[in-house]
Amino acid sequence: IRGGQVSDIREQPWQAAITVYRPRSQSHNFLCGGVLIESCWVLSAVFIIRYNAGRLRVTLGRTFRLQNSSSEQIFDVEKYWIHEQYNDETYDNDIALLKLSSDVGICAVSSPEVLPVCLPDPGAVFPEQTECEISGYGKEEEFSPFYSDRVKQGHVRLWPEKNCVSEKLSGRLVTKNMLCAGDTRNRDDACKGDSGGPLVCQKDGRMNLVGLISWGDGCGKKDTPGVYTRVINYLSWISSKIRSNR
Ligand code: 4AZ
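What counts and how
Residues numbered from 1 in each chain as written. Predicted model: local features only at pLDDT ≥ 70, side-chain atom pairs only at ≥ 80, totals over all residues. Helix = DSSP H or I, 4+ residues; strand = E, 2+ residues; numbered from the N terminus. Buried ≥ 20, exposed ≤ 12 C-beta atoms within 10 Å, placed from the backbone. Contact = placed C-beta atoms within 7 Å. Near = placed C-beta within 6 Å. Nonpolar A, V, L, I, M, F, W, Y, C, P; charged D, E, K, R; others polar. Pairing = 2+ DSSP bridges. Axes fitted to C-alpha atoms, helices over the stretch in contact; angles between N-to-C directions.

(A) View of the overall build of the protein chain. The number of helices and strands found in the protein chain is two helices and 13 strands. Projected onto its principal axes, the C-alpha coordinates of the protein chain cover approximately 50 × 40 × 35 Å. A burial count over the protein chain gives 45% of its 246 residues as buried. If you take every contact in the protein chain between residues at least 6 apart in sequence, the share linking residues at least 24 apart comes to 68%.

Here you go:
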């Protein structure tokens, strides 16, 4: 997260960190963010997941990315699904669903540090300028060599659709499956390593997962929004995958 502030995982208990096991170094490398939506189910973005064939692992409940914590819950990924219409060039349909591995049918156990986020109702409307929250362990500046040691959160507003166009994003295509959000102060934004993580907005006293961090033109550039996968367009994709693979 560029800008924003350091946070505690209890403020984003659905935030996941996705890592891949590298046999050569016998270590887990951080890849990107994810979002817990049910005990055994995590949403993330496609791009990173797909180029990292290997043993994926999901870490929940950690405030500090590299520090073990008594509140953490760690799972191997049993299987994952990439959206059938994912487009490698435009990042259209940038959504992946991960099933956590468990022998007992229960994976993540709810606690102050680990809690699934709500998906929006199919008809929910989130008006332009709604203030929402993003989070992740990604970079604090576009060209920083390091990911953040600690989970961060940032505040962004939903952009009017008429401004969410390729002219604001170095000419790259924006589709109906994407939404734009940004900070009116040009400060907070998602950055490298945050993709797959949450954009949540409050509605009726609950946090709803409105977007998945997907792409952008740099991090926190003036008048340039971050681009998010529009989660509400995928509610039936998500529920049918879960239903047929429980
Ligand atoms: C990334 O590379 C990334 N400023 C995600 C979001 C944004 C930029 C880069 C938006 O994961």
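After that view, the rundown keeps rolling.
(B) Quick peek at the site of the ligand. By nearness alone, every residue bordering the ligand is listed as Asp-189, Ala-190, Cys-191, Lys-192, Asp-194, Ser-195, Ile-213, Trp-215, Gly-216, Cys-219 and Gly-226. In terms of residue count, the dominant contributor to the shell around the ligand is strand E12 (residues 206-216) (three residues). Its residues assigned to classes, the shell around the ligand comprises five nonpolar, three polar and three charged.

(C) Inspection of the sheet that holds strand E7 (residues 96-100) at higher detail. Taken together, six strands build a closed barrel; the order of strands is E2-E3-E4-E7-E6-E5 and the barrel is antiparallel. Averaged over all pairs of adjacent strands, the angle between their axes in this sheet comes to 45°, without regard to strand direction. Note: strand E2 (residues 15-22) against strand E3 (residues 27-38), eight bridges, orientation antiparallel. What sits directly across from Val-20, in E3, is Asn-29. Contacting E3, strand E4 (41-44), strand E6 (73-82) and E7, helix H2 (residues 235-245) runs over the sheet at an angle of about 30° to E7.

(D) The environment of Asn-163, seen in detail. Here Asn-163 is to be found in the loop between strand E9 (152-158) and strand E10 (178-182). Taking the C-alpha atoms as reference points, Asn-163 and Pro-225, separated by 62 residues in sequence, lie 9.4 Å from one another.

(E) Layout of the pairing of strand E11 (residues 198-203). Examined bridge by bridge, strand E8 (residues 131-136) and E11 share three bridges and lie antiparallel to one another. Each residue of the ladder has a partner; that of Glu-133, found in E11, is Val-200. Sheet topology places E11 next to E12; six bridges connect them, and they run antiparallel. Bridge pairing in E12 places Pro-198 opposite Leu-212. Where E11 hands over to E12, the hairpin turn is made up of two residues, of which Asp-204 adopts a positive phi near 50°.

(F) The pairing of E12, seen in detail. Counting buried positions over the 11 residues of E12 gives eight, a clear majority of the element. Pairing of E12 with strand E13 (residues 226-230), which is carried by five bridges, proceeds in the antiparallel orientation. Directly across from Gly-216, in E13, lies its bridge partner Gly-226.

Geometry only, nothing functional implied.
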